[in-house]
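# Fold and geometry: a report
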Amino acid sequence: MKIAAWVAFIIGVVLCLINYENFSDSNSSLMTGIGCLVGSVFIYTIGTAINLVHKRKIESE
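Residues numbered from 1 in each chain as written. Predicted model: local features only at pLDDT ≥ 70, side-chain atom pairs only at ≥ 80, totals over all residues. Heavy atoms only, no water.

## Thoughts on the packing of aromatic side chains
To keep it simple, the criterion reads: To pair, rings of Phe, Tyr and Trp, with the six-membered ring standing in for Trp, must have centres within 6.5 Å; the planes then decide the type, stacked if under 30 degrees apart, edge-to-face if over 60, and tilted in the middle. Runs of E in the DSSP output that reach at least two residues are strands. Runs of H or I that reach at least four are helices, and both are numbered from the N terminus. Classification of residues uses two cut-offs on accessible area relative to the type maximum, computed with a 1.4 Å probe and protein chains only: under 20% is buried, over 50% is exposed, and between them is partly exposed.
The tally for this structure, following the rule as stated, stands at 1 aromatic pair. Geometrically, the ring pair formed by Trp 6 and Phe 9 is edge-to-face, given 5.8 Å between the ring centres and 85 degrees between the ring planes. Residue Trp 6 and its partner Phe 9 are located together in helix α1 (residues 2-18), separated by 3 residues, close to a single helical turn. For Phe 9, a relative accessible area of 35% puts it in the partly exposed group.

## Some words on the side chain of Ser 40
With respect to the element layout, Ser 40 can be found in helix α2 (residues 28-60). Under the relative-accessibility criterion, Ser 40 is labelled buried at 6%.

## Thoughts on the packing of α1 against α2
For the record, the criterion: Note on method: axes are straight lines fitted to C-alpha atoms, helices fitted across the in-contact stretch only, with angles between N-to-C directions ranging 0 to 180 degrees. Just so you know how the angles are binned, under 35 degrees is roughly parallel, over 145 roughly antiparallel, 65 to 115 roughly perpendicular, and the rest oblique. Here a crossing is taken to be left-handed if its near helix is turned anticlockwise relative to the far helix by less than a right angle, and right-handed if that turn runs clockwise. Residues are treated as being in contact if the distance between any of their heavy atoms lies within 4.5 Å. When residue character is reported, Ala, Val, Leu, Ile, Met, Phe, Trp, Tyr, Cys and Pro are called nonpolar, Asp, Glu, Lys and Arg charged, and the others, Gly included, polar.
Orientation of α1 relative to α2, taken along the N-to-C sense of each, is 155 degrees, at an axis distance of 7 Å. Here α1 lies roughly antiparallel to α2, going by the angle between them. Between α1 and α2 lies a crossing of left-handed hand. Facing Lys 2, Ala 4, Ala 5, Trp 6, Ala 8, Phe 9, Ile 11, Gly 12, Val 13, Leu 15 and Cys 16 of α1, the residues of α2 in contact are Ser 29, Leu 30, Thr 32, Gly 33, Ile 34, Cys 36, Leu 37, Ser 40, Ile 43 and Tyr 44. Classifying every residue of the contact of α1 with α2 gives 15 nonpolar, 5 polar and 1 charged.

## So, α1
Quick reminder of the rule: One less than the number of residues in a helix, times 1.5 Å, gives the span that helix is expected to have. It is the directions from the helix axis to the C-beta atoms whose arc is reported.
Taking 1.5 Å of rise per residue, the 17 residues of α1 would be expected to cover 24 Å, and the 24 Å separating its terminal C-alpha atoms lies within 8% of that figure. Residues of α1 that are buried: Ala 5, Ala 8, Gly 12 and Cys 16. Along the axis of α1, the buried residues cluster in a sector spanning 65 degrees; they form a single face. Along α1, the residues that are exposed and aim more than 90 degrees away from the buried face are Ile 3, Trp 6, Leu 17 and Ile 18. On the buried face of α1, the contacting elements are α2.

Below is the structure:
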């Protein structure tokens with residue numbers, strides 16, 4: 001999950017840097033880049049939460 005989050009983050013940064021000059025909601029590649037940046041945070045958070053739940057389950061056994 002962490003690798004997927006970093007890949008989404010890097011793709012988001014690249015898309016945002018390539019198309020930042022036309023900052024509007026009609027610039028679909030810029031909006032996709034922002035979506036990848038936001039999505040990467042959610043992917044990382046979900047991966048961390050799953051890891052913590054798994055560790056607690058192992059510790060409780």
